[in-house]
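Residue-level structural notes
Given next are the chains, with one letter for each unit.
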Amino acid sequence: MPELHPKLSPVFDEVVARNPGEAEFHQAAREVLESLGPVVSKHPEYADAEVIRRLCEPERQVIFRVPWTDDAGRVQLNRGFRVEFNSALGPYKGGLRFHPSVYLGIVKFLGFEQIFKNSLTGLPIGGGKGGSDFDPKGRSAGEVMRFCQSFMTELYRHIGEHTDVPAGDTGVGQREIGYLFGQYKRITNRYESGTFTGKGLSWGGSRVRTEATGYGLVFFAERVLAASGESLEGRSVVVSGSGNVAIHAIEKVQQLGGRVVACSDSDGVVVDETGIDVELLKTVKNGHRGRIVDYAEARGARYVRGGDVWTVPCEIALPCATQNELRTEGAASLVRNGCVLVAEGANMPTSPDAIRLLRDNGVAFAPGKAANAGGVATSALEMQQNASRDSWGFEHTEERLAEIMASIHDRCLATADEYGSPGDYVAGANIAGFTKVADAMLALGVI
Ligand code: NDP
Ligand code: 2IT
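Read on for a plain summary of the structure. (Residues numbered from 1 in each chain as written. Chains lettered and ligands numbered in written order. Predicted model: local features only at pLDDT ≥ 70, side-chain atom pairs only at ≥ 80, totals over all residues. Heavy atoms only, no water.)

Quick look at the environment of K369
Within the secondary structure, K369 is located in helix α15 (residues 368-371). By relative accessible area, which is 1% here, K369 ends up buried. Along the primary structure K369 and A429 are separated by 60 residues, whereas in three dimensions their C-alpha atoms are 7.1 Å apart. Here K369 is in contact with E31, V32, E113, F116, K117, L120, A429 and N430, once residues within four sequence places are set aside. A polar side-chain atom of K369 sits 2.7 Å from a polar atom in the side chain of N430. (Helix = DSSP H or I, 4+ residues; strand = E, 2+ residues; numbered from the N terminus. Buried < 20%, exposed > 50% of the residue type's maximum accessible area, 1.4 Å probe, protein only. Contact = heavy atoms within 4.5 Å. Polar contact = N/O pair within 3.5 Å; in protein donor to acceptor, adjacent residues only side chain to side chain.)

Describing the sheet that holds strand β4 (residues 127-132)
Here five strands make up an open sheet; going across it, the order is β1-β2-β4-β3-β5 and the pairing mixed. Taken across any chain shown, the strands that pair with only one partner, and hence form the sheet edges, are β1 (60-69) and β5 (164-167). Taken over all neighbouring pairs, the strand axes of this sheet differ in orientation by 20° on average, direction set aside. In terms of strand pairing, strand β3 (residues 92-98) meets β5 through four bridges, oriented parallel. Within β5, the position partnered with K93 by the bridge is V165. Sitting on the sheet, helix α6 (residues 104-120) touches β1, β2 (75-86), β3 and β4, and the angle it makes with β4 is about 150°. Contacting β1, β2, β3, β4 and β5, helix α7 (residues 141-155) crosses the sheet at an angle of about 140° to β1. (Pairing = 2+ DSSP bridges. Axes fitted to C-alpha atoms, helices over the stretch in contact; angles between N-to-C directions.)

Digging into the nonpolar core
If you look at the biggest cluster of nonpolar residues, it comprises 57 residues, and the most contacted ones within it are F220, L318 and I408. The leading source of residues in this core is helix α9 (residues 209-227), at nine residues. Apart from the residues within four sequence positions on either side, F220 is in contact with A366, A370, A371, M405, I408, H409 and Y425. Within the second largest apolar cluster, 42 residues are counted, among which are L33, A47, L89 and A438. (Core = buried A, V, L, I, M, F, W, Y, C linked by side-chain atoms within 4.5 Å.)

Here we look at the site of ligand 2
Lining the immediate surroundings of ligand 2 are 14 residues, of which K93, K117, K129, D169 and S379 lie closest. Interatomic distance of 2.6 Å between a side-chain N/O atom of K93 and an oxygen atom of ligand 2. For ligand 2, an oxygen atom lies 2.9 Å from a polar atom in the side chain of Q114. When the free accessible area of ligand 2 is taken as 300 Å², the share hidden by the protein chains comes to 94%. For the shell around ligand 2, the secondary-structure elements that each account for two or more residues are β3, α6 and α16 (374-387). Of the residues assigned to the shell around ligand 2, the class counts are two nonpolar, seven polar and five charged. (Near = heavy atom within 4 Å. Areas by Shrake-Rupley, 256 points an atom, 1.4 Å probe, with all protein chains shown as cover. Nonpolar A, V, L, I, M, F, W, Y, C, P; charged D, E, K, R; others polar.)

What about helix α10 (residues 244-255)?
Between the first and last C-alpha of α10 there are 17 Å, a value that for twelve residues agrees with the 16 Å anticipated at 1.5 Å per step. Of all twelve residues that make up α10, nine are buried, and the element is covered over most of its length. Positive phi appears at G257, one or two residues downstream of α10, with a value of about 95°. (Expected span 1.5 Å × (residues − 1).)

Some remarks on the packing of aromatic side chains
Under the criterion given, the structure shown has 18 aromatic pairs. Both rings, one in F98 and one in F151, keep their centres 5.4 Å apart while their planes meet at 70°; by these two values the pair is edge-to-face. One end of the pair, F98, is in strand β3; the other, F151, is in helix α7, with 53 residues separating them in the sequence. Considered together, F98 and F151 belong to a single accessibility category, that of buried residues. (Phe/Tyr/Trp six-rings, centres within 6.5 Å; stacked < 30°, edge-to-face > 60°.)

Points about the sheet that holds strand β12 (residues 364-366)
Strand order in the open sheet formed by seven strands is β9-β8-β7-β6-β10-β11-β12, and the pairing between neighbours is mixed. This sheet does not close on itself; its edge strands, each paired only once, are β9 (302-305) and β12. Taking each pair of neighbouring strands and ignoring which way they run, the sheet shows an average axis angle of 15°. As defined by bridge partners, strand β6 (residues 236-240) adjoins strand β7 (residues 259-264) across three bridges and the pair is classed as parallel. Pairing of V238 across the sheet is with A262, part of β7.

Let's talk about the environment of Y295
Topologically, Y295 is positioned in helix α12 (residues 292-299). According to the relative accessible area criterion, Y295 is buried, its value standing at 0%. Linking Y295 and A167, residues 128 residues apart in sequence, is a C-alpha distance of 28 Å. Beyond its immediate stretch of four places on either side in the chain, Y295 contacts V270, D272, I276, D277, L280, L281 and V284. Within the local environment of Y295, its side chain forms a polar contact with the side chain of D272, the two groups lying 2.7 Å apart.

Side note on empty space enclosed by the protein
Applying the stated criterion across every chain, the model contains one cavity of 30 Å³ or more. Taken as a whole, the largest cavity encloses approximately 30 Å³ of empty space. Residues of the lining of the largest cavity, tallied by class, amount to two nonpolar, one polar and four charged. (1 Å grid on protein atoms, 1.4 Å probe; cavity = no way out; pocket = protein on both sides within 12 Å on 5 of 7 lines; lining within 4 Å. Points joined across faces, edges and corners; volume = space filled by probe spheres on them.)

Notes on the packing of helix α13 (residues 328-336) against helix α14 (residues 352-360)
Angle between the axes and distance between the axes are the two parameters that describe a pair of packed helices. For the pair α13 and α14, interaxial distance at closest approach is 8 Å and the crossing angle is 20°. Our classification of the angle between α13 and α14 gives roughly parallel. Here α13 and α14 pass one another in a crossing that is right-handed. Between α13 and α14, the residues in contact are T328, A331, A332 and V335 and D353, A354, L357 and L358, respectively. (Parallel < 35°, antiparallel > 145°, perpendicular 65-115°, else oblique. Left-handed = near helix turned anticlockwise from the far one by under 90°.)

Shown next, in the form of structure tokens:
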């Protein structure tokens with residue numbers, strides 16, 4: 001692991017001591033702190049005002065009981081979380097994740113990443129994240145609804161369009177946002193569309209929000225390639241996962257002339273040399289709530305149960321499933337197969353060792369907090385539309401998304417240059433994301 005700046009080393013030690021057992025949060029904090037050395041040297045005022053220490057401590061953490069009744073009439077129990085991390089730039093903003101692996105350390109890492117990501121969008125949103133260890137797999141729509149209603153029966157008192165604005169993440173899509181918004185509306189007796197994003201079009205949603213993370217990722221990847229005179233045209237691409245982010249990344253890659261040869265879920269991998277049929281994938285996944293094995297069967301493509309998606313040869317890899325899914329072995333395999341770019345659609349999907357290995361071998365690397373910021377950026381556009389009671393067309397909204405991704409890309413590069421790490425998107429994203437929040441925190445006093 002690279003050494004930390006002497007002023008940042010005690011900050012990291014404090015994060016570890018104050019948040020025991022939260023490995024993912026330690027990892028996310030460490031990565032940002034590793035980038036901030038040159039910033040602290042140039043601007044000692046950030047360290048003097050303890051801005052970085054304060055940033056690592058969430059403003060508020062809510063943990064609550066979520067009891068609900070399953071279809072068999074049995075009482076089930078889950079734990080709910082909302083970590084309101086930083087509101088220097090705007091209301092807390094970030095998704096809700098429903099997955100059995102969710103615990104405080106996951107929510108904190110996601111909330112921490114969200115601060116810098118949201119700052120990078122240039123839009124007025126603070127950082128937060130929430131979720132539950134509820135496992136939606138195999139649950140009926142009625143069970144999911146009752147869970148969401150119970151979850152919101154506690155969460156409603158902590159959120160609001162000027163306070164904290166949740167959205168989706170793993171396991172939470174438009175259906176779940178509907179159940180959550182419905183219960184919020186019922187409890188508060190207020191039609192506050194701006195309290196949630198990722199809503200359906202007929203009840204306050206924005207065009208392009210569903211597609212935004214995947215599309216934005218591909219716009220970002222295009223800019224990275226363009227910086228060295230390349231493009232997506234004719235490139236072979238591997239995408240991990242097959243959820244919201246993966247599906248729309250696949251769609252946009254193919255619209256731009258690339259060929260996605262494999263995708264996955266937690267059970268296996270489909271290899272489809274002629275290119276994934278994204279319409280069929282949508283029908284299987286969204287229409288029938290099916291699995292990759294069902295897609296492979298319907299398509300007549302090769303399915304590898306328990307397979308590793310990173311062994312499939314490609315020029316571009318887009319990890320779009322979950323944290324730490326791309327580790328050193330996967331990265332080594334990508335390098336061997338001639339991969340030139342890894343761009344993260346998921347949050348923190350590449351382990352620190354894997355990132356080092358990729359870069360040491362000349363593979364361009366775009367970190368999630370920049371490359372997947374299109375989702376939350378479009379959420380902020382949804383908030384704008386809600387606030388003005390307006391609804392924009394698809395093309396206009398997609399254009400705004402493309403502009404935002406281009407501006408994040410350019411700012412990452414310019415910041416990396418300014419702080420002596422040309423071409424380093426990790427340093428650029430962390431430093432550019434940080435300085436905007438830190439300046440706001442300094443201006444707002446010791447809060
Ligand atoms: P979905 O729930 O729609 O899809 C998740 C996909 O990832 C599924 O294919 C799932 O497979 C796979 N996956 C999830 N957890 C694991 C795991 N532990 N091991 C292996 N595979 C796993 O989620 P999203 O597409 O919305 O989110 C994917 C990633 O993108 C997450 O990291 C999320 O934080 C990030 N992200 C999402 C944004 C959004 O707008 N939705 C915005 C920015 C980032 P299976 O069905 O088998 O579990
Ligand atoms: O990780 C993310 O940026 C998201 N899940 C989207 C958050 C949002 O508020 O749209």
